Amino acid sequence: MTLNSMSLRSLDMPAESEPELLCILGTGDLGRSLGERLLQSGFRVVYGSRRLHGGSPLLSDPRVTSHEAAAQSANIIFVCVHREHYEFLATMRNHLQGKVREKIEKKQQLVPKAAVVKGLNTLSAWALQNGLLAGKQVYLCGDSAEAKQAVAQMATKLGLSVLDKGSLSAARELEDFPLKLFPEWRLPLSVALGLTAFFFFYLLIRDVIYAYVEKKDEISYRIMVSLANKVFPIVALIMLSLCYLPGAIAAFLQLYRGTKYSRFPNWLDRWMVSRKQMGLVALGFAFLHVTYTFIIPIRYAVRHKLISRIKKNKTTPFRFDNTEAWGTDSFVTLGILGFFLFVLLGITSLPSVGGSLSWREFNFIQSKLGHLTLFICTAHGYVYGWNKFLLPSTYKWYTPPGFMLCLIVPSVVLVLKGILLLPCVDRTLTLIRQGWERTQPKNSKPHLE
């Protein structure tokens, strides 16, 4: 349940010497949590309830009274009830005249003389109970600027960041915010799910079905671990590269347009704001890859194969190959370093950690170390296939292996980043991002911001 509404009896604030009295209509989880948070912020609170004889843990509290009495005693009124029960507001019209209300048009119709302000509905009882309010953004909309200012001042005292969404016509959009399920994660999760499904079936055909059709070899047991452990690093590397590809595209757009004041396409905007989530999803797949790699030695198929060779006393002469040793050690080292930097990027993206860094420090880790991580992880993939690229047996049914396909996107990103690092390109891009424009507006002189 989320915070539904709020009213102001009048816009005259009480004397500074006495804490402001606020009214909360509703004594459910949300009402109780909000009341405790307001008390901790220095406000006085009175509750209005439709049930004065039983039910709520607050009903023995002397601050609990009827809806009408509570509304008359306070300037600001929070309506913390489900929308299905808004009809009781119509019986309180005489007590709410001249007040500022916060909700959708239905509430304005119930109390036509109230100045309605919609907002704070993105707060939940859980967030209020756990104190997760500092810096949290909430939205307000309403037709009365004075009423919205009064509500915004109260929200600021709670540690909230307020964003004005305009007139009351935006109320329905605000009403739908709490009903959306992981809106910022939809694009990253959809991309990750699509990549996982594609490479799973692609590798299923190349590895399992190919072996059965061409060699009559039944290896379907490899689907659970071996096949999955090929899919996870592929998706992780592609998702990581997709975190940095939109930045490169945006840079080339700015170079092409010669200005930073032209908006990016909507699809690029949406892509860029999803980069953090894409990186965290990539880190999750990297963790799966590491975990699956560690359990490979304890798999039944591996142990059975090893025991069978020992029982049959099959031994093969071992000839030390210096090149193979270099390749194996390089592969393992790059994997360890890449995963370490991957985890470091994930940790610094957390608000509690990122908030302790300066912008320059945060930008250095997420950009410079981020591209270094991408480079190392891509090199890890190239070393894995360094002696397989030219082998005809690598291309089963004339199709490239999965690790080759997954190297395309990160390689493109690294090439684009390399071009942007060229002195002549980097100098121009820096000037553009400082405000320089290739084509200056008429009657204006070149300037740098």
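About the thresholds
Residues numbered from 1 in each chain as written. Predicted model: local features only at pLDDT ≥ 70, side-chain atom pairs only at ≥ 80, totals over all residues. Heavy atoms only, no water. Helix = DSSP H or I, 4+ residues; strand = E, 2+ residues; numbered from the N terminus. Buried < 20%, exposed > 50% of the residue type's maximum accessible area, 1.4 Å probe, protein only. Contact = heavy atoms within 4.5 Å. Areas by Shrake-Rupley, 256 points an atom, 1.4 Å probe, with all protein chains shown as cover. Salt bridge = Lys/Arg side-chain N within 4 Å of Asp/Glu carboxyl O. Expected span 1.5 Å × (residues − 1). Pairing = 2+ DSSP bridges. Right-handed = clockwise from strand over helix to strand, strands pointing away. Core = buried A, V, L, I, M, F, W, Y, C linked by side-chain atoms within 4.5 Å. Phe/Tyr/Trp six-rings, centres within 6.5 Å; stacked < 30°, edge-to-face > 60°. Lys NZ or Arg CZ within 6 Å of the ring centre and 35° of its normal. UniProt positions renumbered as here; feature names shortened; annotations may be inferred. Axes fitted to C-alpha atoms, helices over the stretch in contact; angles between N-to-C directions. Parallel < 35°, antiparallel > 145°, perpendicular 65-115°, else oblique. Left-handed = near helix turned anticlockwise from the far one by under 90°. Nonpolar A, V, L, I, M, F, W, Y, C, P; charged D, E, K, R; others polar.

### Examining the overall build of the chain
Moving on, step 1. Per the secondary structure count, the chain includes 18 helices and nine strands.
Moving on, step 2. For the chain, buried positions account for 41% of its 449 residues.
Moving on, step 3. Looking at the chain alone, contacts between residues at least 24 apart form 68% of all its contacts between residues at least 6 apart.
Moving on, step 4. Carbon together with sulfur atoms contributes 61% to the accessible area of the chain, which is approximately 25,500 Å² in total.

### Considering the pattern of salt bridges
Moving on, step 1. Inspection of every chain in the model, using the stated rule, returns six salt bridges.
Moving on, step 2. Note that aspartate 29 is salt-bridged to arginine 32, the shortest N-O span being 2.6 Å. With aspartate 29 and arginine 32 both in helix H1 (residues 29-40) and three residues apart, the pair spans about one turn of that helix.
Moving on, step 3. For lysine 148, the salt bridge identified is with aspartate 164, shortest N-O distance 3.1 Å. Taken together, the positions of lysine 148 in helix H6 (residues 145-157) and aspartate 164 in strand S9 (residues 161-164) put the pair 16 residues apart, joining distant regions of the chain.
Moving on, step 4. Three or more residues joined by partner-sharing salt bridges are found here, namely Arg206, Asp207, Lys230 and Lys396.

### Looking at the side chain of threonine 373
Moving on, step 1. Tracing the backbone shows threonine 373 in helix H15 (residues 359-384).
Moving on, step 2. Classification of threonine 373 as buried rests on a relative accessible area of 0%.
Moving on, step 3. If we skip the residues at most four places from it in the chain, threonine 373 touches Leu240, Gly338, Leu341, Phe342 and Leu345.

### Observations concerning H6
Moving on, step 1. Taking 1.5 Å per residue as the helical rise, H6 with its 13 residues ought to reach 18 Å, and the 19 Å between its terminal C-alpha atoms agrees with that figure.
Moving on, step 2. Where H6 ends, the next residue or the one after it, glycine 159, has phi of about 90 degrees, a positive value.

### Considering unusual backbone geometry
Moving on, step 1. For lysine 216, which is not glycine, the phi torsion reads 55 degrees and is therefore positive.
Moving on, step 2. Structurally, lysine 216 can be placed in the loop between helix H8 (186-215) and helix H9 (226-257).
Moving on, step 3. Among the residues examined, lysine 216 registers a relative accessible area of 67% and is labelled exposed.
Moving on, step 4. Even without a glycine there, the phi angle at tryptophan 397 is positive, about 50 degrees.
Moving on, step 5. Looking at the secondary structure, you find tryptophan 397 in the loop between H15 and helix H16 (402-406).
Moving on, step 6. Residue tryptophan 397 is classed as partly exposed on the basis of its relative accessible area of 37%.

### Section: the pairing of strand S8 (residues 137-142)
Moving on, step 1. Burial analysis of S8 places five of its six residues in the buried class, which makes it a mostly covered element.
Moving on, step 2. Both S8 and S9 contribute to a ladder of four bridges, which runs parallel. Across the sheet, glutamine 137 pairs through a bridge with serine 161, a residue of S9.
Moving on, step 3. Between S8 and its parallel partner S9, the chain crosses via H6, and the hand of that crossover is right-handed.

### Comments concerning helix H11 (residues 275-295)
Moving on, step 1. The terminal C-alpha atoms of H11 lie 31 Å apart, and with 21 residues this matches the ideal 30 Å at 1.5 Å per residue to within 8%.
Moving on, step 2. Where H11 is concerned, the buried positions are Gln277, Met278, Gly279, Val281, Ala282, Leu283, Phe285 and Ala286.
Moving on, step 3. Summarising the contacts, the buried residues of H11 are in contact with H8, H9, helix H10 (266-273) and helix H13 (322-348).

### Remarks on the environment of leucine 89
Moving on, step 1. Within the secondary structure, leucine 89 sits in the loop between strand S5 (76-79) and helix H3 (93-96).
Moving on, step 2. Taking the C-alpha atoms as reference points, leucine 89 and glutamate 68, 21 residues apart in sequence, are found 9.7 Å from one another.

### Re the nonpolar core
Moving on, step 1. Membership of the largest hydrophobic core comes to 44 residues, with the highest contact counts inside it found for Ile238, Met239, Leu240, Leu242, Phe285 and Phe342.
Moving on, step 2. Looking at this core, the elements that each hand over two or more residues are H8, H9, H10, H11, H13, H15 and H16.
Moving on, step 3. Apart from residues lying up to four places away in sequence, leucine 240 is in contact with Ala282, Phe342, Thr373, Leu374 and Cys377.

### Comments concerning the pairing of strand S2 (residues 21-25)
Moving on, step 1. Counting buried positions along S2 gives five out of five residues, so the element sits mostly inside the fold.
Moving on, step 2. Every second residue of S2 is oriented toward a common face, with Leu21, Cys23 and Leu25 on one face and Leu22 and Ile24 on the other, all of them buried.
Moving on, step 3. Bridging between S2 and strand S3 (residues 44-48) involves five bridges; their strand directions are parallel. When the bridges of S3 are listed, leucine 22 appears paired with valine 45.

### A short note on the packing of aromatic side chains
Moving on, step 1. Applying the stated criterion across every chain, the model contains 13 aromatic pairs.
Moving on, step 2. Taken together, a centroid distance of 5.8 Å and an interplanar angle of 20 degrees make the contact between phenylalanine 198 and tyrosine 202 stacked. Residue phenylalanine 198 and its partner tyrosine 202 are both found in helix H8; the two are separated by four residues, about one turn of the helix.
Moving on, step 3. The exposure class assigned to tyrosine 202 is buried, which follows from its relative accessible area of 16%.
Moving on, step 4. Consider the rings of tryptophan 267 and tryptophan 271, whose centres lie 6.3 Å apart with planes at 40 degrees: the pair is tilted. Here tryptophan 267 pairs with tryptophan 271, and both are found in helix H10, just four residues apart, close to one helical turn.
Moving on, step 5. Within the aromatic cluster, the residues linked to one another by ring pairs are Phe331, Tyr382, Tyr384, Phe389 and Phe403.
Moving on, step 6. Directly above the ring of tyrosine 384 sits lysine 388, whose terminal nitrogen or CZ lies 4.6 Å from the centroid.

### Here's the deal with the UniProt feature "transmembrane region" (unreviewed entry) in the chain
Moving on, step 1. The sites that UniProt annotates as "transmembrane region" (unreviewed entry) are residues 187-205, 231-256, 277-298, 331-357, 369-387 and 402-425.
Moving on, step 2. Helix makes up 100% of residues 187-205 and strand 0%. Its end C-alpha atoms lie 27 Å apart.
Moving on, step 3. Here residues 277-298 is 86% helix and 0% strand, with 33 Å between the C-alpha atoms at its ends.

### A short note on the packing of H9 against H10
Moving on, step 1. Between H9 and H10, the least distance of the axes is 9 Å, while the angle of their chain directions is 140 degrees. The orientation of H9 relative to H10 falls into the category oblique. Once H9 is placed against H10, the crossing between them reads as left-handed. Side by side, H9 and H10 meet where Leu242, Leu245, Pro246, Ile249, Ala250 and Leu253 of the first sit next to Trp267, Leu268, Trp271 and Met272 of the second.
Moving on, step 2. Looking at the contact of H9 with H10 residue by residue, the classes come out as ten nonpolar, no polar and no charged.

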